[in-house]
Amino acid sequence: MKLCRFDDNRVGLVRDDGIRDVTSVLGALGSFQYPLPKFDPLIEALPRLRKQLESTSGKAIPLERVKLLSPVANPGKIIAAPVNYTKHLQEALADKGIHHGNLVQEIHKAGMFLKATSAVVGPGEGVKLIKTDRRNDHEVELAVVIGKKASSVKKEEAMQYVAGYCIGLDMTIRGPEERSLRKSPDSYCVLGPWLVTADEIPDPGQLSVRIEVNGSVRQDAHTSDLILSVAQLIEWGSSFYTLHPGDVLLTGTPQGVGPVKPGDTMLAAIERIGSMRIVVS
Ligand code: MN
């Protein structure tokens, strides 16, 4: 199942011929009172809403006509793997424009970091760069959306905690500051074009990942080259903190990161998920 959010907070079921508006299912989420839950209510409810969602009929809205938002509205946290492809580690070590004298280490030593949830946008909202006197890079990544509360999960069981996948762009200002600052401005975390539920992607370690900027291929890689797999990242992350439904795990970017500037258009694609176009301003 492919589920998107679009236009003015509508929810859509995505099929080959377009989107069916399924916003009415939100009525089944219940109402929450302060303090609000730490999870995303729609992602948490997906297992029990699935039948109803999939039986939706009616007229399809053409994809080109909608503005796609992030498929997860309220992620509790955005966890990100910094250097999880060997060739990206090599390019980061070789290019001062990337490392800025910061210590760059492989993920086993560097650990993971958090991006602010306020950075999240969908592809239809675009990326608005700040600090344009500095290098602003694209990083295309497989994004994993957690479906169930997970704490100290072993890698052998980790995949049961995945709700689905989407494409993530970990937009980054290069410079000397902490990653969490440079990667967290508003719109610096693009998620989309939709959530593909885990049953449609039996092995997230077998997906091609690519991004073009203005029609030129910048990153073209494969998740079989991930240093830590999705299951290992969940095991590691959940050994530090509880993962909640709707938490997003960015699995790291492959080689080929590079700068974008206002006016550019990015086209990001991951096998079995789809593609998304993002305008940079
Ligand atoms: Mn990244």
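Here the residue numbering is sequential within each chain, running from 1 through the sequence in written order. Only residues with pLDDT of at least 70 are given local features in this predicted model, and only at 80 or more are side-chain atom pairs given and counted; all residues enter the totals for whole chains, interfaces and linings. Only heavy atoms go into the side-chain values, all of them from the structure, while hydrogens and water stay out.

Draft legend 1. Expanded view of the coordination of the manganese ion. For Na, K and Ca the donor cutoff is 3.2 Å, while for all other metals N, O and S atoms must lie within 2.8 Å; water is not among the atoms, so some sites may look incomplete. Here the manganese ion is held by Glu139 (OE), Glu141 (OE) and Asp170 (OD), and the distances to it run 2.0 to 2.1 Å. For glutamate 139, a relative accessible area of 2% puts it in the buried group. A 1.4 Å probe rolled over the protein chains alone gives each residue an accessible area, and that area as a share of the maximum for its type sets the label: buried under 20%, exposed over 50%, partly exposed in between. Accessibility expressed as a relative area gives 1% for glutamate 141, which makes it buried.

Draft legend 2. Representation of the layout of surface pockets in the model. Think of a 1 Å grid over just the protein atoms. A cavity is a set of points where a 1.4 Å probe fits yet cannot get out, a pocket is an open set with protein on both sides within 12 Å along at least five of seven lines, and lining residues have an atom within 4 Å of a point. Grid points are joined across faces, edges and corners, and a volume is the space filled by probe spheres set on the points. Approximately 350 Å³ is the volume attributed to the largest pocket. Together, 22 residues line the largest pocket, and Pro82, Asn102, Leu103, Arg179 and Arg182 are the ones closest to its centre. Strands here mean DSSP runs of E at least two residues long; helices mean DSSP runs of H or I at least four residues long; both are numbered from the N terminus. Of all the secondary structure elements, the ones that give two or more residues to the lining of the largest pocket are helix 2 (86-94), helix 3 (96-99) and helix 6 (179-182). Counting residues per element, the lining of the largest pocket draws most heavily on helix 6, at three residues. Each residue receives one of three labels: charged for Asp, Glu, Lys and Arg, nonpolar for Ala, Val, Leu, Ile, Met, Phe, Trp, Tyr, Cys and Pro, and polar for the others, Gly being one of them. Among the residues forming the lining of the largest pocket, the class breakdown is 10 nonpolar, five polar and seven charged.

Draft legend 3. Quick look at the packing of aromatic side chains. Side-chain rings of Phe, Tyr and Trp, where Trp is taken by its six-membered ring, are said to pair if the distance between their centres is within 6.5 Å; with planes under 30 degrees apart they count as stacked, over 60 as edge-to-face, and otherwise as tilted. For the structure shown, the criterion picks out two aromatic pairs. With centroids separated by 6.2 Å and ring planes inclined at 85°, the aromatic side chains of phenylalanine 32 and phenylalanine 39 adopt a geometry described as edge-to-face. Owing to a relative accessible area of 22%, phenylalanine 39 belongs among the partly exposed residues under this scheme. Arranged with centres 6.4 Å apart and planes meeting at 75°, the rings of tryptophan 236 and phenylalanine 240 form a pair that is edge-to-face.

Draft legend 4. Broad picture of the environment of aspartate 95. Looking at the secondary structure, you find aspartate 95 in the loop between helix 2 and helix 3. Here a polar contact means two N or O atoms within 3.5 Å. Within protein one must be a hydrogen donor candidate and the other an acceptor candidate, and residues neighboring in sequence count only if both atoms are side-chain atoms. Only 3.3 Å separates the side chain of aspartate 95 from the side chain of arginine 135, close enough to count as a polar contact.

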